[in-house]
Amino acid sequence: MGWIDVMAHNTTRVAILFGGRSAEHDVSRASAANIFRSLDASRYAVTLIGITPEGRWVLADAVNARTAQALTVPPDGPQIVLLPAGQGRALVLGDGAAAPRELTFDVIFPVLHGPNGEDGTMQGALELADVAYVGARVMGSAAAMDKDVAKRLLRDAGLPIVPFVTMTAAAPVSYEDAVHAVGCSELFIKPANLGSSVGISKARTPQEFAAACDLALRFDGKILIERCISPVREIECAVLEHADGEVKASELGEIVPASSHGFYSYAAKYTDASGASLHVPAQVEPGLAQRIRKMATEVFGVLCCESLARVDFFVHGEEVYVNEVNTLPGFTNISMYPKMWEATGLPQPALMDALIAHALARHARLRQLASQR
Ligand SMILES: Nc1ncnc2c1ncn2[C@@H]1O[C@H](COP(=O)(O)OP(=O)(O)O)[C@@H](O)[C@H]1O
Ligand SMILES: [Mg+2]
């Protein structure tokens, strides 16, 4: 079904994918609950598909989902198989002895954060299924997820990034060499492919540096060693691509981690309710804000993003650095991405409409291109 047909039918069949195999499983469940609630029920017929931590796709119950803080992935729920080249057709298995039941979706909304959801793997599976989906495609997802690759592309485009070196267990870097390379004795060490501040720490001595590298290498074979920016303001911008291809940047937001945490750590993000304060819109001088918003749309293009991305910056006085890009940012009821659009005059239900319209239009366009070959 093309997007014109969908409009004529007036209901769009949306599958929300949530949970998943990454460390951000629970964040995804909370994001998905919020997204489910903000989809206009008179226009969207929603199916909830949970992904277990082991990677099984299961049909989730929508009955209590409207009021839930986080959606539940039923570990023994009926299994779902999305058909390759199925154009949105899926089979529901495991309903007792009954024959597999078929479901069809017009669009899939992968509400998955981190590896196996946000890094291009899921996007590859959705491409093979030949179904419309929300978010960046394989290249944009993969390029933004790998902090080393993303920074090299940004540097190549002349965009400002924090000085860094990359290290693997097979090619270790000494504290002295790292300090020399980034021009600072205080360092940040982080896994290249992760999120939620997992495995990240600061180091000021060779001993702290060795411990920080060991920790980061537990999560990824490749790690980044960066200059510590201090003092730092953490400023974010939401970017949205509309169905007609227009790319817009939102008002800015600011995250101020509680001083007790030192930086925006996992605990400050998720386990300590007062771990950080969020300010939307951020109090940033208009000229600087304009510069950051322009940079956010440039970053979006350089990293081959599509549909949506949250671009995170470090601001140190007048200096601005691009820190990282999230192609499926958090969508909980306190998350920055929807809040920044809200502050820009785009309430969340309208944001959902824009994301789904973009997904359907893109899929129709790509199918037409393929048919001309
Ligand atoms: N180079 C740096 N200088 C200062 N603070 C940093 C630096 N790198 C990371 N941080 C702190 O660590 C947090 C998490 O790092 P980030 O690169 O955003 O990884 P993640 O993908 O896990 O969010 C940041 O929000 C910031 O508080
Ligand atoms: Mg971050």
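Throughout what follows, the structure given in this document is the object of discussion. Remember, predicted model here, so these are calculated numbers, not experimental data.

1. Quick look at the overall build of the protein
Then comes step 1: In terms of regular secondary structure, the protein is built from eleven helices and 17 strands.
Then comes step 2: Computed over the C-alpha atoms, the radius of gyration of the protein is 21 Å, within 12% of the 21 Å expected from 2.2 N^0.38 for a compact globule of 373 residues.
Then comes step 3: In terms of overall dimensions, the protein has a C-alpha envelope of 65 × 45 × 45 Å along the principal axes.
Then comes step 4: Counting the 373 residues in the protein, one finds 51% classified as buried.
Then comes step 5: If you sum the accessible surface of the protein, you get close to 16100 Å²; carbon and sulfur atoms cover 54% of it.
Then comes step 6: Here the protein carries 32 positive and 41 negative side-chain charges, and the mean point of each set is 2 Å from the other.

2. Digging into the site of ligand 1
Then comes step 1: Surveying the vicinity of ligand 1 reveals 20 residues, the closest of which are Lys147, Lys190, Ser197, Glu234 and Lys269.
Then comes step 2: Here an oxygen atom of ligand 1 sits 3.3 Å away from a polar atom, N or O, in the main chain of serine 196.
Then comes step 3: Interatomic distance of 2.8 Å between a side-chain N/O atom of lysine 269 and an oxygen atom of ligand 1.
Then comes step 4: A class-by-class count of the residues in the shell around ligand 1 yields nine nonpolar, four polar and seven charged.

3. Section: the packing of helix α4 (residues 138–145) against helix α5 (residues 147–156)
Then comes step 1: Interhelical geometry of α4 versus α5 gives an angle of 100 degrees and a closest axis separation of 5 Å. With respect to their mutual orientation, α4 and α5 come out roughly perpendicular. Contacts from Ala143, Ala144 and Met145 of α4 reach α5 at Lys147, Val149, Ala150 and Leu153.
Then comes step 2: Class assignment of the residues belonging to the contact of α4 with α5 gives a composition of six nonpolar, no polar and one charged.

4. Comments concerning the pairing of strand β14 (residues 247–257)
Then comes step 1: Bridge analysis of strand β13 (residues 233–241) against β14 gives seven bridges, and the strand direction is antiparallel. Residue pairing in the sheet places isoleucine 235 in a bridge with glutamate 254 of β14.
Then comes step 2: In this antiparallel pair of consecutive strands, β13 and β14, the connection spans five residues, and glycine 245 shows a positive phi of 95 degrees.

How each quantity is defined
- Residues numbered from 1 in each chain as written.
- Chains lettered and ligands numbered in written order.
- Predicted model: local features only at pLDDT ≥ 70, side-chain atom pairs only at ≥ 80, totals over all residues.
- Heavy atoms only, no water.
- Helix = DSSP H or I, 4+ residues; strand = E, 2+ residues; numbered from the N terminus.
- Rg over C-alpha atoms; globule rule 2.2 N^0.38 Å.
- Buried < 20%, exposed > 50% of the residue type's maximum accessible area, 1.4 Å probe, protein only.
- Areas by Shrake-Rupley, 256 points an atom, 1.4 Å probe, with all protein chains shown as cover.
- Lys, Arg positive; Asp, Glu negative; His and termini not counted.
- Charge placed at Lys NZ, Arg CZ, Asp CG, Glu CD.
- Near = heavy atom within 4 Å.
- Polar contact = N/O pair within 3.5 Å; in protein donor to acceptor, adjacent residues only side chain to side chain.
- Nonpolar A, V, L, I, M, F, W, Y, C, P; charged D, E, K, R; others polar.
- Axes fitted to C-alpha atoms, helices over the stretch in contact; angles between N-to-C directions.
- Parallel < 35°, antiparallel > 145°, perpendicular 65-115°, else oblique.
- Contact = heavy atoms within 4.5 Å.
- Pairing = 2+ DSSP bridges.

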